[in-house]
Amino acid sequence: MDPYIFLIQLLNGVQYGLLLFLVASGLTLIFGIMGVINLAHGSFYMLGAYLAWSLTAQLGNFWLALLAGFVLSVVLGILLEWLFIRHLYRRDHLQQVLLTYGLILIFSELRSIVWGDDVHSVAVPTLLAGSIPLTETLAYPVYRVWLSIVCVVLAAGMYYLIQHTRLGMMVRAGASNREMTQSLGIDIGLLYRLVFAFGVALAAFAGMLAAPVSSVFPGMGNQVLIICFVVVVIGGIGSVKGAMAAALLIGLVDTFGKVVEFEISGFRVLPELAGMSVFVMMAIVLLWRPEGLFARRLR
Amino acid sequence: MAAADCLELEDMSDDVLIEARGIHAYYGASHVLHGVDLHLRRGETIGLMGRNGMGKTTLLRSMLGLLPPASGSVQVRGRGMTGAAPHRIARAGVAYVPEGRGIFPNLSVRENLLMAARAGHDGRDDWTLDRALDTFPRLRERLAHGGQQLSGGEQQMLTIARALLTNPDVLILDEATEGLAPLVAQEIWRILQRIRESGISSIIVDKNFSAVSTIADRNVILVKGQIVFQGGSEALRARPQLLQAWLGV
């Protein structure tokens, strides 16, 4: 493979992986800390993308749209937690799946009513519209580089927040022993609301960032949800570090799976099968480590 | 009601830090507490005793908001706290050292202490990380270790230190020395004595009658969800046959 094409695919894979991480980290945090399986998480990604599209059109500025969309998604997260999710903490997974599946249908219908079912695209903001030339014919878009940097900064910020702040300590304590955390004077209900809203905002933000590089379409939430569950399972449920490793792995496997043609004992493996490569990898990882790469050890 | 009674009530509410009145509590279908009254005055140390399954932990959990009572009331410094969330009761100055310690195994020793540290309900911040580490020098050596790497005695010291860092008025200890080697248990009792001298009131549950009755101003004995005895240690030691019946000692 041409080294420049390899480099481009590598960058694409990393960028896709980082974007997946933003969505999956919220999913794994909400499951790891509150024990809630949130099927509606993909919907937040979809909502984010549609918000980016419609707010950019309304406000005439992508950056303002990002800011407004982020604030709106935090508010949405707080409201959803208060209305629905907090009733799920002490209930079993079946009820969680039923309610959050219902939320998928509601968000999908709302999206259809408010924004319609068409496919849209969002223009790359002029500031980042250029590309970096690699050879005479190949170039890499600046926006994609910027997107990866934003994701890395967010991931680093999240790591710092969870590992090195008092808020992070409280959140981790709450994940291991809810009752004891409360008895130390910490309002766990408020803490859970913050974590949920943060997860929603991350997923929506990922959708907003992705809007200029992929199209904005109705089924995008469900597509990303399935891949994010793969990320969470491979990474180890509840582990943010695991989500990062798994998301990068999946980003690279998926990207290279689409461009590399190779033969296995005489059979040509078609790029069309790339969609499967991620699931094949999940099967292999789970055979090797059934609890995922970074199983969280609480005890 | 006579005027004198009113006066006495007012007097009490000023002095009483935490009070449970007429507590009935259930675990599922089993009726664990049958109308229990317990109050703790400022500066007082209560030894709460009874055999296993008599309702000691249930009583503490009711007072801490962890198991809202079926009937009865809980007050902290005269304010109604029945059915209040556990964090509100904690914020009113009540700290808890649970049976089994409740260490966060996924946090380091330092993090276990820091996540809880705050000023008391009245803004008091006598207990700082440094003072806690001076009281428990062994924790200072273990600050970077994970909570799950500590010995039982160190875990108990960590839980007590963590409770003190919330600058409480009231310290509630369930099974203060259970499962600890005798020398370690002695160290814990010495520390509890020092905490008592610092002016913090406590309710201490433990199986070691002689140690509890030495430190306690008042002993309370629970049998089948009811208080059968309340009083000083001398009165209790003078009745060995009842002690045998109530506590099996």
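Not measured: the values here are computed from a predicted model.

Chemist: Would you mind showing me how to read the interface of chain A and chain B here?
Modeler: The parts lose accessible area when they come together, and the size of an interface is often stated as this lost area. Across the contact, 19 residues belong to chain A and 22 residues belong to chain B. Joining chain A to chain B, the criterion identifies 2 salt bridges. A salt bridge links Arg172(A) to Glu111(B); its shortest N-O distance comes to 2.9 Å. Where chain A packs against chain B, one counts 9 residue pairs in polar contact (both at pLDDT 80 or more). Contributing elements (two or more residues each) for the side of chain A that touches chain B: helix H6 (166-176) and helix H7 (178-183) of chain A. Sort the elements by how many residues they give to the side of chain A that touches chain B and H6(A) lands first, with 6 residues. Split into classes, the residues belonging to the side of chain A that touches chain B amount to 7 nonpolar, 7 polar and 5 charged.

Chemist: Can you walk me through the layout of surface pockets in this structure?
Modeler: Take a probe with the size of a water molecule and roll it over the atoms, and the empty space left behind shows itself. All names here are of chain A. What the second largest pocket holds in volume is close to 670 Å³. Along the walls of the second largest pocket sit 25 residues, with Tyr 16, Ser 214, Gln 223, Asp 254 and Lys 258 positioned nearest its centre. Looking at the lining of the second largest pocket, the elements with two or more residues in it are helix H1 (3-34), helix H9 (220-235), helix H10 (240-259) and helix H11 (274-288). For the lining of the second largest pocket, the element with the most residues is H1, which contributes 6 residues. The class makeup of the residues in the lining of the second largest pocket is 15 nonpolar, 7 polar and 3 charged.

Chemist: Honestly, the sheet that holds strand S6 (residues 94-97) of chain B in this entry has me stumped. Any pointers?
Modeler: Pairing between sheet strands relies on hydrogen bonds along the backbone, with the strands arranged either parallel or antiparallel. Residue and element names in this part refer to chain B. Judged by pairing direction, the sheet is mixed, and its 6 strands sit side by side in the order S6-S7-S8-S3-S9-S10 without closing on themselves. Every interior strand has two partners, whereas the edge strands, S6 and strand S10 (226-231), have only one. Ignoring which end each strand starts from, the neighbouring axes of this sheet average 15 degrees apart. Relative to strand S8 (residues 201-205), strand S7 (residues 170-173) runs parallel, the two being bridged by 4 bridges. Bridging from a neighbouring strand, Ile 172 pairs with Ile 203 of S8. Helix H11 (residues 240-247) rests against strand S3 (45-49), strand S9 (218-223) and S10 of the sheet, and its axis sits at about 50 degrees to S9.

About the criteria used
Residues numbered from 1 in each chain as written. Chains lettered and ligands numbered in written order. Predicted model: local features only at pLDDT ≥ 70, side-chain atom pairs only at ≥ 80, totals over all residues. Heavy atoms only, no water. Contact = heavy atoms within 4.5 Å. Salt bridge = Lys/Arg side-chain N within 4 Å of Asp/Glu carboxyl O. Polar contact = N/O pair within 3.5 Å; in protein donor to acceptor, adjacent residues only side chain to side chain. Helix = DSSP H or I, 4+ residues; strand = E, 2+ residues; numbered from the N terminus. Nonpolar A, V, L, I, M, F, W, Y, C, P; charged D, E, K, R; others polar. 1 Å grid on protein atoms, 1.4 Å probe; cavity = no way out; pocket = protein on both sides within 12 Å on 5 of 7 lines; lining within 4 Å. Points joined across faces, edges and corners; volume = space filled by probe spheres on them. Pairing = 2+ DSSP bridges. Axes fitted to C-alpha atoms, helices over the stretch in contact; angles between N-to-C directions.

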